[in-house]
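Examination of the molecular architecture
Here is what each chain is made of, one letter per residue.
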Amino acid sequence: MGGELKKWLVGWVAALVLFQGIRYGAEAQPQVPCYFIFGDSLVDNGNNNNIASLAKANYMPYGIDFPGGPTGRFSNGKTTVDVIAEQLGFNGYIPPYATARGRGILSGVNYASAAAGIRDETGQQLGGRVSFTGQVNNYKTTVSQVVNILGGEDAAANYLSKCIYSVGLGSNDYLNNYFMPSTYSTSRQYTPDQYADVLIQQYAQQIRTLYNFGARKLVLIGVGQIGCSPNELAQNSPDGRTCVQRINSANQLFNNRLKSLVDNLNNNFSDAKFIYINAYGIFQDLITNPSSFGTYYCIPRLSSVLTKLSKKVSHGFKVTNAGCCGVGRNNGQITCLPLQTPCQNRNEYIFWDAFHPTEAANIILGRRSYSAQSPSDAYPMDIRRLAQL
């Protein structure tokens, strides 16, 4: 039975590739001309590799399942934005700002930096990082390069208006700031409500700057359930399984304001569209219903599909409270050690290390961000519909 199913699948995919090749040509064009990414270690793909920082992942076992090995991604394989780029039809991953050069920037740039936050001081105990402010400044440099390549500001503005921009920041402002009272004073200065307000005010300023420099299709990604990470379970959960509610509650305060900000921005900028991705809710699904995610055949890009027919990814998660590699209780004390041997059943783990999801979890997060599985996944629309505007 299994052999017959696989033969049928291979035949079906081959027919799909043939049909798509006839319809679109050998290489389908992406749905948008470029994709610009702002964020932290959840989506950093190498920007921290060559700066003085403890927040790095350019060593094994990071990248153990990624083509070419370690790149600086804080995962065993792909990140959520890699998955989103695949879904958008890009025939390659978006390059990090640190190495993006020449006309290559026209497909987009990833500015994300591990340990970065909305606040400039966030993550400073880990050394160098590029804060949200710094990432936006780097984007301004890119825009000037795009103007030069395309021959003028009008041409650049028209081009950039068609691109997707995703912003995923805020996690470190809690993890490596507010809930680290021995290093930062913010928890003594602000209540959780006040802190969420302060973060959103600073966040909104940078979003408006992106708008002023050409962004018109913006994806604002909420903060996940930090209180359910192996690190927080190891430090603050009595049984190592119960999520830390005071942290999750603070995260929800931020997310509620971020969703409201989307409404505010859409009301004030009629020539742009802003959407909110409910990463918190999607992640809650993974943790509370881990066995409900089945097996998927991974077909990332038509150009390479014939070489990947046998690749499948199981998402029947069995371990929701521990990292696949790490140290201490829940493998949550620190991130993966260099050359550490990780778990073998990586597709059964939601978390790769003390803080970051596995590729298997990122595939679900990325796919549901692109095409909402539940009405609550994206507001007021998902990335797929945003790309069509």
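Structure: see above.
One structure accompanies this document, and this report is about it. (Residues numbered from 1 in each chain as written. Predicted model: local features only at pLDDT ≥ 70, side-chain atom pairs only at ≥ 80, totals over all residues. Heavy atoms only, no water.)

**Points about a nonpolar patch on the surface**
Note the threshold: Residues enter patches when they are more than 30% accessible in relative terms and free of salt bridges; like-charged ones are connected within 9 Å and nonpolar ones (Val, Leu, Ile, Met, Phe, Trp, Tyr) within 5 Å. For accessible areas, the Shrake-Rupley method is used with a probe of radius 1.4 Å. Any residue's cover is judged against the shown protein chains and nothing else. By definition, a salt bridge exists where a carboxyl oxygen of Asp or Glu is found within 4 Å of a side-chain nitrogen of Lys or Arg. By definition, any uninterrupted DSSP run of H or I lasting at least four residues is a helix, any uninterrupted run of E lasting at least two residues is a strand, and each is numbered from the N terminus.
Together, M60, I64 and L339 make up an exposed nonpolar region whose accessible area comes to about 280 Å². Assignment of secondary structure puts I64 in the loop between β1 (35–39) and α2 (80–87).

**Regarding the packing of α2 against helix α11 (residues 359–370)**
Packed helices, taken two at a time, are described by their axes: the angle between them and the distance between them. Filter applied, for reference: Geometry is summarised by axes, namely lines fitted to C-alpha atoms with helices restricted to the contacting stretch, and by angles between N-to-C directions that run from 0 to 180 degrees. Here roughly perpendicular refers to angles of 65 to 115 degrees, roughly parallel to angles under 35, roughly antiparallel to angles over 145, and oblique to all remaining angles. Two helices cross in a left-handed way if the nearer one is turned anticlockwise from the farther one by less than a right angle. They cross in a right-handed way if the turn is clockwise. Residue contacts are defined here by distance: any two heavy atoms, one from each residue, within 4.5 Å place the two residues in contact. Each residue is assigned to one of three groups, with Ala, Val, Leu, Ile, Met, Phe, Trp, Tyr, Cys and Pro labelled nonpolar, Asp, Glu, Lys and Arg labelled charged, and all others, Gly among them, labelled polar.
α11 packs onto α2 with a crossing angle of 45 degrees between their chain directions and a minimal axis gap of 8 Å. Overall, the two elements α2 and α11 adopt an arrangement that is oblique. The way α2 lies across α11 gives a crossing that is right-handed. Two secondary-structure elements touch here, α2 through T80, V83, I84 and Q87 and α11 through N362, I363, L365, G366, R367, S369 and Y370. Looking at the contact of α2 with α11 residue by residue, the class counts come to five nonpolar, five polar and one charged.

**Considering the nonpolar core**
Defined as follows: We define the nonpolar core as a collection of buried residues of types Ala, Val, Leu, Ile, Met, Phe, Trp, Tyr and Cys that are connected through side-chain atoms lying within 4.5 Å of one another. To sort residues, take the accessible area from a 1.4 Å probe on protein chains only and compare it with the maximum for the residue type: under 20% means buried, over 50% means exposed, and anything in between is partly exposed.
Formed by 51 residues in total, the largest nonpolar core has its most connected members in F36, Y203, I207 and L220. Ranked by residues supplied to this core, first place goes to helix α7 (residues 192–212) with nine residues.

**What about the sheet that holds strand β3 (residues 217–221)?**
Filter applied, for reference: In this description, strands pair whenever DSSP reports at least two bridges between them.
Spatial ordering of the open sheet is given by β1-β2-β3-β4-β9, a layout of five strands whose pairing is mixed. Strands with a single pairing partner mark the edges of an open sheet, and in this sheet they are β1 and β9 (378–379). Bridge count between strand β2 (residues 164–168) and β3: three bridges; the pairing is parallel. Residue V167 lies in a different strand from β3, and its bridge partner there is L220.

**Topic: the state of the cysteines**
Which entries qualify depends on this criterion: In this description, a disulfide is simply a cysteine sulfur pair whose atoms lie within 2.5 Å.
In this structure the tally under the stated criterion is four disulfides. Between the sulfur atoms of C325 and its disulfide partner C336 the distance amounts to 1.8 Å. The S-S bond linking C325 to C336 shows a torsion near 70 degrees; that makes this disulfide right-handed. On the criterion of sequence distance, the pair formed by C325 in the loop between β7 (319–323) and β8 (349–351) and C336 in the loop between β7 and β8 is long-range, its members being 11 residues apart. Residues C325 and C336 agree in their burial class; the two are buried. For the protein chain, the bonded cysteines connect in the pattern 1-2, 3-4, 5-8, 6-7 when numbered consecutively along the sequence.

**Looking at the environment of G328**
The residue G328 is located in the loop between β7 and β8 in this model. Classification of G328 by relative accessible area gives partly exposed; the value is 45%. C-alpha of G328 to C-alpha of A354: the two residues are 26 residues apart in sequence and 9.9 Å apart in space.

**Things to note about the side chain of S229**
Note the threshold: Polar contacts, as counted here, are pairs of nitrogen or oxygen atoms within 3.5 Å of one another; within protein the pair requires one atom able to donate a hydrogen and one able to accept it, and residues that are adjacent in sequence qualify only if both atoms are side-chain atoms.
Positionally, S229 belongs in the loop between β3 and α8 (230–236). In terms of polar contacts, S229 uses its side chain to reach the backbone carbonyl oxygen of I226, at 2.9 Å. The contacts of S229, once residues within four sequence positions are left out, are F351 and A354.

**A closer look at the packing of aromatic side chains**
Note the cut-off: A pair of Phe, Tyr and Trp rings is counted when the ring centres sit within 6.5 Å of each other, with Trp represented by its six-membered ring. The angle between the planes then sorts it: under 30 degrees is stacked, over 60 is edge-to-face, the rest tilted. Cation placement over rings: the criterion is NZ of Lys or CZ of Arg within 6 Å of the ring centroid and within 35° of the ring normal.
Counted under the stated rule, the structure contains 25 aromatic pairs. Taking the centre distance of 5.5 Å and the plane angle of 75 degrees together, the rings of F36 and Y139 count as edge-to-face. Taken together, the positions of F36 in strand β1 and Y139 in helix α3 (residues 132–150) put the pair 103 residues apart, joining distant regions of the chain. With respect to burial, F36 and Y139 carry one shared label: buried. For the ring pair F269 and F274, a centre distance of 6.2 Å and an interplane angle of 50 degrees mean the geometry is tilted. F274 shares its class with F269; the two are buried. The positively charged end of R73 is found above the aromatic ring belonging to Y93, 5.5 Å away from the centroid. Note that R216 overlies the ring of Y211, its terminal NZ or CZ placed 3.8 Å from the centroid.

**Description of the pattern of salt bridges**
Opposite charge on two side chains allows them to pair when their charged atoms are near. One pass over the full model with this rule turns up 10 salt bridges. The salt bridge partner of E348 is K318, with a shortest N-O separation of 3.6 Å. Here E348, found in the loop between β7 and β8, pairs with K318, found in the loop between β6 (312–314) and β7; they are 30 residues apart in sequence, far enough to count as distant. Looking at E348, the relative accessible area reads 24%, which means it is partly exposed. With a relative accessible area of 63%, K318 lands in the exposed category. One connected set of salt bridges, linked through shared partners, spans D193, D197 and R257.

In short, the description is geometric, and any link to function would need to be established separately.
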